[in-house]
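Descriptive structure summary
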Amino acid sequence: MVTNIRQSLRLGFVVGLAAIIATGCSTNTNSSSAVSSQSQQEQTSQISSVQETESSQQEPSEQTSISSQSQVTATHSLTTETVNQFNFGSYITQEGENIDPLRGENGHFYFHTVSPIHGLTLGLTRTLYDLNCETGEISELITFSDDEQIRICDFIKYQNSQLEMRYQFFGENCKFLIQKDGEEIFSAVSVDMLSLPKFTVVGDNLFFQINEMGLNNSISGNVYRVNPGFSVDSIYSSPIPIKGLINTFNYSGNYAIGIQDADSERFGILNNQDEFTFVETSNDENIYPLTTGFIHCKQIGENTYSMFWIDKDTQNEIDLGQTFEGVMGNYTALENNMFMYEDLNQQSYIGCFENNQIRIEPLNAVTSGFCRYAQTSSNSQLIYFNAIDTNDIGQIVAQSWGGILVKQQ
C-alpha cells in the first residue's frame, strides 16, 4: 500500500511566513521560510495551466486555464456572495496589540487580542472573544492580565463543553495545558515555544500534537487523542520533534504529521485505527490535506509543480495532468474537499478537488490584506483580514482588522 506513493513526497505544507510576520499576526506549526523566497511576480498566477490526459495527446503549448476545463462536471459551487462584514479594529485598545483569529464553527468565530510581549508569535492573550456570525454580536469570553503569562493556542466547543488550549510561560520553557470548562484535563512541559498547537476534529475525537520535555530533560514528539468523555490518550510518540501538516483552520476531517531528523523525512497519515502509516519523503514537494486525501505537488521547474492526488484510505496516487505555478500560502482545508488560500500578492482563492481534477476561482470579496480563513457552517466561511498601509521606507502607518462572511451560492 505504501509503495504506491512516490518517495519524493515533501513535508512542505507551507504558509506565507513573510506575510504573517509583516502583519504581526501569529503563525502556525506549518510555516516555512521557503515561501518568503518566492517573488510576488511568480505568485500572480497560482494555477497557470492544465495538461489534458494522455489519451488526448495535447501538446504543452495547448494548455488551458484550470477554471474553464470542459471535462470537469462541477458539483460544488465555487461562486460566493458576501452576506456580512465585521470590524475588529475597535477591540485593539493598546498600542502594539494584534488580533489573532483562532477558529470558526457552528456559526461562530473565535478570536483574541494579543499583547506584543514575547514577540509576534507568542504574545500574551489579553481577551478572548466570540463573534456570532448571524447576529453580528461579539461577546467577551475570558480576560487575562499580562502577569498571568497566558497565551491561548486554540478554543473549541466540544461535547457541550468549552476546551481551551494554552501556553503558560515560565523561564525558558512553558507549560502546555488543556482546560475543560476551566478545569485542567491535560498538561505537559513544551519545548517548542515557536509553534501554536491546534485541535483537529476527526470523527468524534480531537487530535493534537505537542513536542514536550520528559524525565531527565528528554525530548519527545507526541500525538494525543481527546475522547468524547474527555479522557486524553497517547496514540503516537517519537524520540524527535514532530510537526502537524494541518493548518490552523482545518475542516477536512483528516490528520497528518511530519517527522524530520538529520537524514530523512517521513509523512504520516492517520488511518481509521488511529494509527499513522508513514512513507519516506524528500525536500522538493508540497502536501495539502483535504477531506478524502491530499493534494501532492511535485516540483518540475523552478516554480512549477505537477499535481497529484493521494487517496487517504488506499494511499494510491493519481496523476491529475495539471500544473501549478507557485506555492499556496495561508492554505486551509474546508469540508467536501474544498479549500481556500492566499498567494503572496494577497489574492484569495477558493478551490475544490472533484472528478479527479482541481478547480480554482478567485475570491473577489477581498482584494488586499493578509487573510486567514475559518469555516463557520457547511457552506459559509469567514475571511479574516489585516490590511496594512506603509510609508516610503516601509514603516506601518495604519492597520485595519476586519472580517467578511461569504457563502457558496
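These remarks concern the structure in this document. Numbers given to residues run from 1 along each chain, matching the order in which its sequence is written. Only residues with pLDDT of at least 70 get local features here, since the model is predicted, and only at 80 or more are side-chain atom pairs given and counted; chain-wide, interface and lining totals rely on the full set of residues. For side-chain calculations, the full set of non-hydrogen atoms in the structure is used, while hydrogens and water are omitted.

What about the sheet that holds strand β18 (residues 276-281)?
In spatial order, the strands read β15-β16-β17-β18; together these four strands make up an open sheet with antiparallel pairing. Across the chains shown, the open sheet's two edge strands, defined by having one partner strand only, are β15 (242-244) and β18. Pairwise comparison of adjacent strand axes, ignoring direction, gives a mean angle of 25° for this sheet. The rule for pairing is simple: two strands pair if DSSP sees at least two bridges between them. The helix and strand labels rest on DSSP assignments: H or I over at least four residues marks a helix, E over at least two residues marks a strand, and numbering proceeds from the N terminus. Pairing of strand β16 (residues 256-260) with strand β17 (residues 265-270) involves five bridges; the strand directions are antiparallel. Bridge assignment links Ile259 to a residue of β17, and that residue is Arg266. Between the N-to-C directions of two axes lies an angle of 0 to 180 degrees, each axis being a line fitted to C-alpha atoms and, for a helix, fitted only over the stretch in contact.

Brief notes about the pattern of salt bridges
The working definition used for a salt bridge is a side-chain nitrogen of Lys or Arg within 4 Å of a carboxyl oxygen of Asp or Glu. By the definition in use, this model includes 10 salt bridges. A salt bridge links Glu184 to Lys175, with the nearest nitrogen and oxygen atoms 3.2 Å apart. A 1.4 Å probe rolled over the protein chains alone gives each residue an accessible area, and that area as a share of the maximum for its type sets the label: buried under 20%, exposed over 50%, partly exposed in between. In this structure Glu184 comes out as partly exposed when scored by relative accessible area, which is 41%. Of the residues examined, Lys175 reaches a relative accessible area of 27% and is grouped as partly exposed. The partner of Arg359 in a salt bridge is Glu354, with the nearest N and O atoms 2.8 Å apart. The pair formed by Arg359 and Glu354 is uniform in burial state, with each residue classed as buried. Look at the salt bridges and you will find they share partners, linking Glu97, Arg126 and Asp146 into a network.

A word on the layout of surface pockets
For the largest pocket, the calculated volume is near 430 Å³. Lining the largest pocket are 23 residues, with Glu105, Ile156, Val201, Tyr251 and Glu335 positioned closest to its centre. Of all the secondary structure elements, the ones that give two or more residues to the lining of the largest pocket are β3 (98-105), β7 (150-158), β11 (200-202) and β27 (370-377). Taken together, the residues of the lining of the largest pocket break down into six nonpolar, 12 polar and five charged. Residues are said to line a cavity or pocket when one of their atoms sits within 4 Å of a point; the points come from a 1 Å grid over protein atoms alone, cavities being sets where a 1.4 Å probe fits but cannot get out and pockets being open sets with protein on both sides within 12 Å along at least five of seven lines. Grid points are joined across faces, edges and corners, and a volume is the space filled by probe spheres set on the points. In this classification, the charged set is Asp, Glu, Lys and Arg, the nonpolar set is Ala, Val, Leu, Ile, Met, Phe, Trp, Tyr, Cys and Pro, and all remaining amino acids, among them Gly, are polar.

Some thoughts on the sheet that holds strand β28 (residues 380-390)
Across the sheet, which stays open at both edges, the four strands sit in the order β2-β29-β28-β27 with antiparallel pairing between neighbours. Strands with a single pairing partner mark the edges of an open sheet, and in this sheet they are β2 (80-87) and β27. In this sheet, adjacent strand axes meet at a mean angle of 25° when their direction is disregarded.

Quick look at the pairing of strand β25 (residues 348-354)
Within β25, seven of the seven residues are buried, which leaves it mostly tucked inside the rest of the structure. Residues of β25 alternate between two faces, with Ser348, Ile350, Cys352 and Glu354 on one and Tyr349, Gly351 and Phe353 on the opposite face, all of them buried. As judged from the five bridges shared by strand β24 (residues 338-342) and β25, these two strands associate in the antiparallel manner. Residue pairing for β25: Tyr341 is matched across the bridge by Tyr349. Between β24 and the antiparallel strand that follows it, β25, lie five residues; Gln346 among them carries a positive phi value of about 65°. Relative to strand β26 (residues 357-362), β25 runs antiparallel, the two being bridged by six bridges. Counted as the bridge partner of Cys352 is Arg359 from β26. Between β25 and β26, which pair antiparallel in sequence order, lie two residues; one of them, Asn355, sits at a positive phi of approximately 55°.

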